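Fold and contact review
Spelled out from the first residue to the last, the chains are:
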Amino acid sequence: MALKLTLAGRTHLVEIVRRRPRLVLSIDGREHEIAAAGEGGDGRNSLEIGGDSLHFVRAQVGDSQLVHLKGRGYEVGWVDPQAEIADAGADHDEVKSPMPGRVVSVSRIAGDRVLRGETVATIESMKLQMSLPAPRDGRIAAILRAEGDAVEKDEAVARLEALSPGS
Amino acid sequence: MRKIQSTINASSAEFRRNFAHNKRLAAEFRERQEAARHSRPARDLARIAKQGKMRPRERIEKLIDPGTPFLELSSLAANMAYGGEAPSASCIAGIGIVAGKETMIRADDCTVKGGAWYPLTVKKIVRALDIALENRLPVIHLCDSAGGFLPLQAELFPDRQMAGRIFRNQSLLSKLGVQQLALVFGHCTAGGAYIPALSDYSVIVRGTGAVFLGGPPLVRAATGEEVSVEELGGAEMHTSVSGVCDYPAATEEEAISIGRDIVRLWREPNKIAGRREPAEAPAYDPEELYGILPDDIKRQFEMREIIARIVDGSRFHEYQPNYGATLVCGFANIWGFKVGILANNGVLFNDSSLKGAHFIELCNQNETPLLFLQNITGYMVGREYERRGITKDGAKMIMAQSCSRVPKFTVMCNGSFGAGNYGMCGRAYDGRLLFAWPNHQIGVMGGKQAANTLADVKLNQMKRGGEAVDRALVERVREETLAAYQEQLSAYYSTSELWDDGIIDPVDTRNALGVAISASLNAPLGEPGYGVFRF
């Protein structure tokens, strides 16, 4: 399985091509032969990549790896495939009601800017009031249901649109 | 397992409003608990001091290993009963560590009416012994009770779950090989006399400890015999003549010290083996729970935010993250112990019920204890859902949950209304322990719904009878019902009646569950298998 790593805002795909006789990694489609020269303690490491020797220092801080190489520091992030799956739904534009019920309040109007997670409307169903959050950052394109309206399960109460660049 | 990404905004007006509200509820709970534990008439405290006795909580402090936690259960039992005259139902129960072993400690409270047993005292003792049975926890009884509270004997003596159950449970514990020790500090009168008699070991304090079926006044009335307490059932007589007790002790401290020696002799517990990983504090501050819980029982909140503040490292492996979204299911660790969590994120639909039932089966297959985090207004109603068989899907969840062989724990995080309470392991489903937060409300339906329903019934009665509609009367029905419901819906009423094992401050949930899960591993898993699932 390919590993997704982020470095300076860019995502790189890293995959093991072979382990023997020497480790070969594919990084963004290009293959590199790699040999580990070993750790020197205190996070000091060295690798041989395609015959060139490379010395660096690395440290784990929280969930990210910090790497110091040739006088510069880099932060290497790992993209959790489960997180990608879980966030897959976060791009859609519709603010949907998860329950059949009634709209008790609409807190935004068309044209408002919203951040992901901010409440757009509140519905009530089965004695429970639920805030309907914006699924992503954006602008309210349209409010589709008004206070007091009945809504079906999975019906959209509002629709978002992307912020135009520069706004 | 990956870390839950919290999306709360701790500086929002809503968070701060919730925080203030729930912090106040927690403070009010602590105040009530403090009063139940320590506030007693000076007269009673003076009498105890004069007798050279310790207060029951001092005894427990000296009994448990120094620096270890004591998980007190039902500290506010009976807080709304008997005009408040039986704080904590005049007895103490909890799980504590003695000589390195997890034990159920149960103490009579001689600072309340001489330690007399009220009906709810009996209920609390029976519950403590049920917990001991289910978890195979050795029991230490700290005896000091005048006996049953006679004016209410009909409510504490005759029925199946009443006083007789205490001695039945003691016998069954012994049959299972679970040890019991009785430390007799004061009187064990009438039925209470069986507590040391049915314990495997007993210690009795000279001068103050006494065990007899009938005290001197009863003996005088029955046979005319004049006899002193000491002669009738004192330490000397029982440890040298009758053999009812084993060891005499000169002081209460000595009795506790002998008791600790005895527990040290007991075999090491045979806990079920399971992989325990290193514990890790949650990545998010549990104090934030106050700001996440709403200040209105009707407001929904994100249960993953709650989970993130209870489990190790806030790490959670969510099962079926995109299916049956109103029931969050997944695996996490608490104190390094693996648990399967089911948490309500809305009303239970067909898909969420099926997901819940399937997840419960997975936990049973995997021998993973179950944790239910309740905030439930019920299963979805309406024509479409009935046609889809919401009832049979709810039934599957109840079947899987009832027949589970793994330990189950429940935390009432907010509302618990209607049949959702059943599927989510409410009190009737024999969870090992069930805790409630101070904001918790429980009932077959909400107060407003009940009041409106009954007011409508009244209105229709009047219309049918051809009477003039008396609006004032209908309003009175509505208001009276609402008032009665509000009182009975509250967490304080629930805990007063022992519908739970105690209210806890939300920030203590992780530790309470840690103690509970650890204790539960003393008992073997139940029998595997389920009944017929309706498909």
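Note that the coordinates shown come from a computational prediction; the quantities given were computed from them, not determined experimentally. (Residues numbered from 1 in each chain as written. Chains lettered and ligands numbered in written order. Predicted model: local features only at pLDDT ≥ 70, side-chain atom pairs only at ≥ 80, totals over all residues. Heavy atoms only, no water.)

Examining the packing of aromatic side chains
- Evaluated as defined, the whole model comprises 13 aromatic pairs over all chains.
- Relative to Phe359 of chain B, the ring of Phe331 of chain B lies with its centre 5.0 Å away and its plane at 55°, an arrangement referred to as tilted. Of the two residues, Phe331 of chain B sits in strand β11 (residues 327–334) while Phe359 of chain B sits in helix α13 (residues 350–366), which places them 28 residues apart along the sequence.
- Residue Phe331 of chain B is classed as buried on the basis of its relative accessible area of 14%.
- On the basis of relative accessible area, Phe359 of chain B is assigned to the buried category, the value being 0%.
- One aromatic cluster is present, formed by Phe15, Phe19 and Tyr290 of chain B through successive ring pairs.
- The ring centre of Phe349 of chain B lies 4.8 Å from the NZ or CZ of Lys153 of chain A, which sits over that ring. (Phe/Tyr/Trp six-rings, centres within 6.5 Å; stacked < 30°, edge-to-face > 60°. Helix = DSSP H or I, 4+ residues; strand = E, 2+ residues; numbered from the N terminus. Buried < 20%, exposed > 50% of the residue type's maximum accessible area, 1.4 Å probe, protein only. Lys NZ or Arg CZ within 6 Å of the ring centre and 35° of its normal.)

Considering the layout of surface pockets
Residues and elements named next belong to chain A.
- Its boundaries defined by the atoms lining it, the second largest pocket holds a volume of some 1,200 Å³.
- Lining the second largest pocket are 33 residues, with Leu5, Leu25, Ile27, Leu47 and Val76 sitting closest to its centre.
- Taken together, the elements giving at least two residues each to the lining of the second largest pocket come down to β1 (3–7), β2 (10–18), β3 (23–27), β4 (30–41), β5 (44–49), β6 (52–61), β7 (64–69) and β8 (72–78).
- Per element, the largest residue contribution to the lining of the second largest pocket is five residues, and it comes from β4.
- The residue inventory of the lining of the second largest pocket, partitioned by class, reads 21 nonpolar, seven polar and five charged. (1 Å grid on protein atoms, 1.4 Å probe; cavity = no way out; pocket = protein on both sides within 12 Å on 5 of 7 lines; lining within 4 Å. Points joined across faces, edges and corners; volume = space filled by probe spheres on them. Nonpolar A, V, L, I, M, F, W, Y, C, P; charged D, E, K, R; others polar.)

Some words on the state of the cysteines
Residue and element names in this part refer to chain B.
- Tallied over the full model, the rule gives zero disulfides over all chains.
- With no disulfide of its own, Cys188 has Cys143 as its nearest cysteine by sulfur position, at a separation of 3.9 Å.
- Look at Cys188 and you get buried, because its relative accessible area is 3%.
- For Cys245, which is in no disulfide, the shortest distance to another cysteine sulfur is to Cys188 and amounts to 7.4 Å.
- Here Cys245 falls in the buried class, since its relative accessible area comes to 3%. (Disulfide = S-S within 2.5 Å.)

Quick notes on the domain arrangement of chain A
- Under the domain assignment used here, chain A contains domain 1 (3–79) and domain 2 (93–161).
- A separation of 45 Å is found between the C-alpha centroids of domain 1 of chain A and domain 2 of chain A. (Domains from an automatic or database assignment.)

Some points on the interface of chain B and chain A
- In this assembly, 20 residues from chain B lie in contact with 19 residues from chain A.
- Both faces considered, chain B and chain A share a buried interface measuring about 1,900 Å² in area, 55% of it formed by carbon and sulfur atoms.
- A per-residue breakdown of the area chain B buries against chain A is headed by Arg2, Lys298 and Thr377 of chain B, which together make up 32% of the total.
- Our count for the chain B to chain A interface comes out at one salt bridge.
- Between Lys298 of chain B and Glu124 of chain A there is a salt bridge, and its shortest N-O distance comes to 3.5 Å.
- Looking at the side of chain B that touches chain A residue by residue, the class counts come to eight nonpolar, eight polar and four charged. (Contact = heavy atoms within 4.5 Å. Buried area = accessible area lost by both parts, 1.4 Å probe. Salt bridge = Lys/Arg side-chain N within 4 Å of Asp/Glu carboxyl O.)

A few points about the pattern of salt bridges
Residues and elements named next belong to chain A.
- In the structure shown here, the tally under the stated rule is 41 salt bridges over all chains.
- One salt bridge connects Glu118 with Arg108, and the closest N-O pair in it is separated by 3.1 Å. Highlighted residues: Glu118 in the loop between β11 (113–114) and β12 (119–125) and Arg108 in the loop between β10 (101–106) and β11, separated in sequence by 10 residues.
- Taking the relative accessible area as the measure of exposure, Arg108 reaches 21% and is therefore partly exposed.

Some remarks on helix α20 (residues 509–520) of chain B
All names here are of chain B.
- Taking 1.5 Å per residue as the helical rise, α20 with its 12 residues ought to reach 16 Å, and the 16 Å between its terminal C-alpha atoms agrees with that figure.
- Among the 12 residues in α20, 11 count as buried, and that is most of the element.
- Taken as a whole, α20 has its buried residues at Thr509, Arg510, Ala512, Leu513, Gly514, Val515, Ala516, Ile517, Ser518, Ala519 and Ser520. (Expected span 1.5 Å × (residues − 1).)

Remarks on empty space enclosed by the protein
All names here are of chain B.
- All chains considered together, the criterion is met by three cavities of 30 Å³ or more.
- Counted as a void, the largest cavity has a volume near 50 Å³.
- Forming the boundary of the largest cavity are Asp108, Trp117, Cys143, Asp144, Ser145, Gly147, His187, Cys188, Thr189, Gly192 and Ile195.
- Of all the secondary-structure elements, those providing two or more residues to the lining of the largest cavity are β5 (139–145) and β6 (180–189).
- A breakdown of the residues in the lining of the largest cavity according to their chemical character gives four nonpolar, five polar and two charged.

Some details on the sheet that holds strand β13 (residues 128–133) of chain A
Residues and elements named next belong to chain A.
- The four strands lie next to each other as β13-β12-β10-β15, forming an open sheet whose pairing is antiparallel. The open sheet has two edge strands with one neighbour each: β13 and β15 (150–151).
- Sheet topology places β10 next to β12; four bridges connect them, and they run antiparallel. By the bridge assignment, Ser105 is partnered in β12 with Thr122. (Pairing = 2+ DSSP bridges.)

Things to note about the packing of α13 of chain B against helix α15 (residues 390–402) of chain B
Residue and element names in this part refer to chain B.
- It is at 8 Å that the axes of α13 and α15 come closest, and there the two elements cross at 20°. Comparing their axes, α15 and α13 come out roughly parallel. When the axes of α13 and α15 are compared, the crossing they make is left-handed. Where α13 abuts α15, its residues Asn350, Ser353, Leu354, Gly356, Ala357, Ile360 and Asn364 lie against Ile390, Asp393, Gly394, Lys396, Met397, Ala400 and Gln401.
- Residues that form the contact of α13 with α15 fall into these classes: six nonpolar, six polar and two charged. (Axes fitted to C-alpha atoms, helices over the stretch in contact; angles between N-to-C directions. Parallel < 35°, antiparallel > 145°, perpendicular 65-115°, else oblique. Left-handed = near helix turned anticlockwise from the far one by under 90°.)

Describing the domain arrangement of chain B
All names here are of chain B.
- As far as domains go, chain B holds domain 1 (10–39 + 275–440 + 503–535), domain 2 (53–265) and domain 3 (445–489).
- A straight line from the C-alpha centre of domain 1 to that of domain 2 covers 34 Å.
- Contact residues are listed per partner, giving 20 residues for domain 1 and 17 residues for domain 2.
- Between domain 1 and domain 2, the buried area comes to about 1,800 Å², and carbon and sulfur atoms account for 57% of it.
- By the criterion of area lost to domain 2, the three top residues of domain 1 are Ala36, Arg37 and Arg432, representing 26% of everything that side buries.
- Here domain 1 and domain 2 share one salt bridge between them.
- Its salt-bridge partner being Arg37, residue Glu72 comes within 2.9 Å of it at the nearest N-O pair.
- Counting every contact that joins domain 1 to domain 2 gives seven residue pairs in polar contact (both at pLDDT 80 or more).
- Elements with a minimum of two residues in the side of domain 1 that touches domain 2: α1 (13–38), β15 (433–436) and α20. (Polar contact = N/O pair within 3.5 Å; in protein donor to acceptor, adjacent residues only side chain to side chain.)

Remarks on the packing of helix α17 (residues 447–464) of chain B against helix α18 (residues 471–489) of chain B
Residue and element names in this part refer to chain B.
- For the pair α17 and α18, the least separation of the axes is 8 Å and the interaxial angle reads 150°. The angle between α17 and α18 places the two elements in the roughly antiparallel class. Viewed along their axes, α17 and α18 form a crossing whose handedness is right-handed. Here Gly447, Lys448, Ala450, Ala451, Asn452, Leu454, Ala455, Lys458, Leu459 and Met462 of α17 lie close against α18, whose contacting residues are Arg471, Leu473, Val474, Val477, Arg478, Thr481, Leu482, Tyr485 and Leu489.

Section: the sheet that holds strand β9 (residues 94–96) of chain A
Residue and element names in this part refer to chain A.
- Across the sheet, which stays open at both edges, the four strands sit in the order β9-β16-β14-β11 with antiparallel pairing between neighbours. Single-partner strands in this sheet number two, and they are β9 and β11.
- Pairing of β11 with strand β14 (residues 138–143) involves two bridges; the strand directions are antiparallel. Bridging from a neighbouring strand, Val114 pairs with Gly138 of β14.

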